[in-house]
Amino acid sequence: MTTAAIEVAGLTKRFGETRAIDGIDLRVEEGEAFGFLGPNGAGKTTTIRAILGLLKPTSGRTSVHGHDSWSKPVEVHRLVGTLPGNFRYDDTLTGRQLLLHVARLRGASADDIAHGEQLADRLHADLTRPLGDLSRGNHQKIGLVQAMFHRPKVLLLDEPTSGLDPLMQDLFIDLVHEARDGGATVFLSSHNLTEVERTCRRVAIIRGGKVVTTDEVSELADRALRHVRVAFDDDVPRGELEQLPGATDLAIRGKQATFRIAGELDALTALLSRHHVHDLVVEHASLDELFRSFYENESEPAAVSATPGGEARTDA
Amino acid sequence: MPELVRHLHRRRLRSTIIWGLSIALTSALMAAAFTAIDPAAMESLTKTVDPKLLEAFGSTPESFSSADGFMAGKLLSYMPLILGFFPILMASRGIAGAEADGSLDVLVTQPIPRWQIPASLFIASVIGLVEILVIYVVGTELAVVLTGIDLSLGKVVTSAIGLIPISLAFGALALMLSARVRKPGEVTGIAGGVLVASYLLNTIVLILPDLDDLKILTAFHWYGSPIERGLDGTGTAVLLVAAALFAAASIPLFNRRDILA
């Protein structure tokens, strides 16, 4: 097996009695754009900080291109460009001074600095003003520049688009695509599903410190809730629909039924085959709805992991 | 590491200049005030006071008859109490403060060993202290020239050099605390508290001879009075060793701990 760009194996991190993350396993291949989704407090930032070697794992390990994050942080940091969730630095420095400072710390080349200035130009980031004078969005742009200017092999981005306007978010997505096309691995922590959907091939969803699912973004979409509208020739078979596994939010108007359904559709097609169907519309729910479906039952993360969408079944 | 030292030094440059000017101005005012004193009258007056009490506050009955004695009693005996806070604040803000406001993340994710951060802070503190004391020497010497008091440049420079080990010792203590404690207020409070307690203990020991054995516990005992008696080799060595030990301890403490968001 080749060395993963990022590997997280059985990672658990406790803070006193609080278990922030609990036995996380992740493997991100070189050149992959990987999304890491979860609400605030789910453990995204803790995981990223462990990958960066800023937190010592209570158990398990993390590595970047085979370098253990905790015991070999310098090697890890040489490969990684990162944007912390709450990017801040010396407020008196201008963006250009910060860029030069980080470049000197990294031993970056003049070409890298020129690349940073180009990035800043594309992001409309003002390198002449002190960081303390910048809005949150402009501050974030400078953070992105310092993360990406040295063309890192691995980009670890924690909520990178927070504070950016929609146009800049689009540009950020272009930058991620360019980095990935250039061979970089991108690990993107976010609670913005659209952002992940547009940038990443695979995604892990974390809840309560545990990864509840890891899959291709497209596969997740296939497993997502679907909106179903069925027009029957005869009366709606209410009882059968109410018993349909994974169906929720059943509403009946005349001979038409609308509901949401998660998971496999075999039971639905079998049901429909027993009736005369006048019209049928099945639409994928948005990834946002899928995301929410993983959080509807906060107290049962394991059940979600075992049977994606299973919590919807209990509601039918 | 030079880049890190340069940055940390630059970050505190404005503060360094303000500290230097404030101390230089105070010193210059003290030097000027000495010209208004009738040494003979003051000496006869102070002879009526218990010498132990005078000594506790850095004076002797003879203090007011010489410029260096006057400067020692009126300024330099408690100068470490003020100047010590410069490296203390630098250390508490440099690690604990930077962690609290999130700015430490940028540094600790660069490809530099973690130990370079406390080490660079220590070096930047030394540079800052030297700069403050250069301003102090220049300001004091300017006042000496303008007022014509009898205070040699050598004594002023000696007094400045004598302030470095004691200030560094408390700065290094703060550095060690900052490497472990995450709240900058706690770092400043504990290190500053030890500094003040050390001064008070030294004062009490001088008043109460029965407690003389405790004097070795106070940094101010080892500081002595450089402007009057010159640099004490033992005292300077004790303070520098303490500073080195605290600074060295900060490295494993900082290396081994989590950096929180």
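Before going into details, it helps to say that this report is about the structure given with it.

Concerning a nonpolar patch on the surface
Residues and elements named next belong to chain B.
Item 1. A grouping of Val196, Leu200, Ile204, Ile207, Leu208, Leu211, Leu214, Ile216 and Leu217 is seen on the molecular surface, where their side chains present a nonpolar patch of about 730 Å² in accessible area.
Item 2. Here Leu200 shows up in helix H11 (residues 184-207).
Item 3. Overall, the relative accessible area of 45% leaves Leu200 in the partly exposed class.

Remarks on the side chain of A:Thr62
Residues and elements named next belong to chain A.
Item 1. Within the element layout of this structure, Thr62 appears in strand E4 (residues 59-64).
Item 2. Thr62 gets classed as buried once you look at its relative accessible area, which sits at 2%.
Item 3. In this structure the side chain of Thr62 is engaged in a polar contact, spanning 3.0 Å, whose partner is the backbone oxygen of Ala50.
Item 4. At a separation of 2.8 Å, a polar atom in the side chain of Thr62 contacts the side chain of Ser69.

Description of the interface of chain A and chain B
Item 1. Listed by partner, the interface residues are 29 residues for chain A and 26 residues for chain B.
Item 2. Note on chain A versus chain B: buried area summed over both sides is about 2,400 Å², and carbon and sulfur give 56% of it.
Item 3. Inspection of the region where chain A meets chain B yields 4 salt bridges.
Item 4. A salt bridge links B:Asp105 to A:Arg49; its shortest N-O distance comes to 2.7 Å.
Item 5. For the pair chain A and chain B, the interface holds 13 residue pairs in polar contact (both at pLDDT 80 or more).

Remarks on the sheet that holds strand E12 (residues 247-253) of chain A
Residue and element names in this part refer to chain A.
Item 1. Pairing is antiparallel across the open sheet formed by 4 strands, whose spatial order is E12-E13-E11-E14. Strand pairing shows two members of the sheet lacking a second neighbour, E12 and strand E14 (277-284), which therefore form its edges. Direction aside, neighbouring strands of the sheet carry axes that sit 15 degrees apart on average.
Item 2. In the packing of helix H10 (residues 266-273) onto the sheet, the strands contacted are strand E11 (226-232), strand E13 (256-261) and E14, and the crossing angle to E11 comes to about 5 degrees.

Definitions and cut-offs
Residues numbered from 1 in each chain as written. Chains lettered and ligands numbered in written order. Predicted model: local features only at pLDDT ≥ 70, side-chain atom pairs only at ≥ 80, totals over all residues. Heavy atoms only, no water. Patch = residues over 30% accessible without salt bridge, like charges linked within 9 Å, V, L, I, M, F, W, Y side chains within 5 Å. Areas by Shrake-Rupley, 256 points an atom, 1.4 Å probe, with all protein chains shown as cover. Salt bridge = Lys/Arg side-chain N within 4 Å of Asp/Glu carboxyl O. Helix = DSSP H or I, 4+ residues; strand = E, 2+ residues; numbered from the N terminus. Buried < 20%, exposed > 50% of the residue type's maximum accessible area, 1.4 Å probe, protein only. Polar contact = N/O pair within 3.5 Å; in protein donor to acceptor, adjacent residues only side chain to side chain. Contact = heavy atoms within 4.5 Å. Buried area = accessible area lost by both parts, 1.4 Å probe. Pairing = 2+ DSSP bridges. Axes fitted to C-alpha atoms, helices over the stretch in contact; angles between N-to-C directions.

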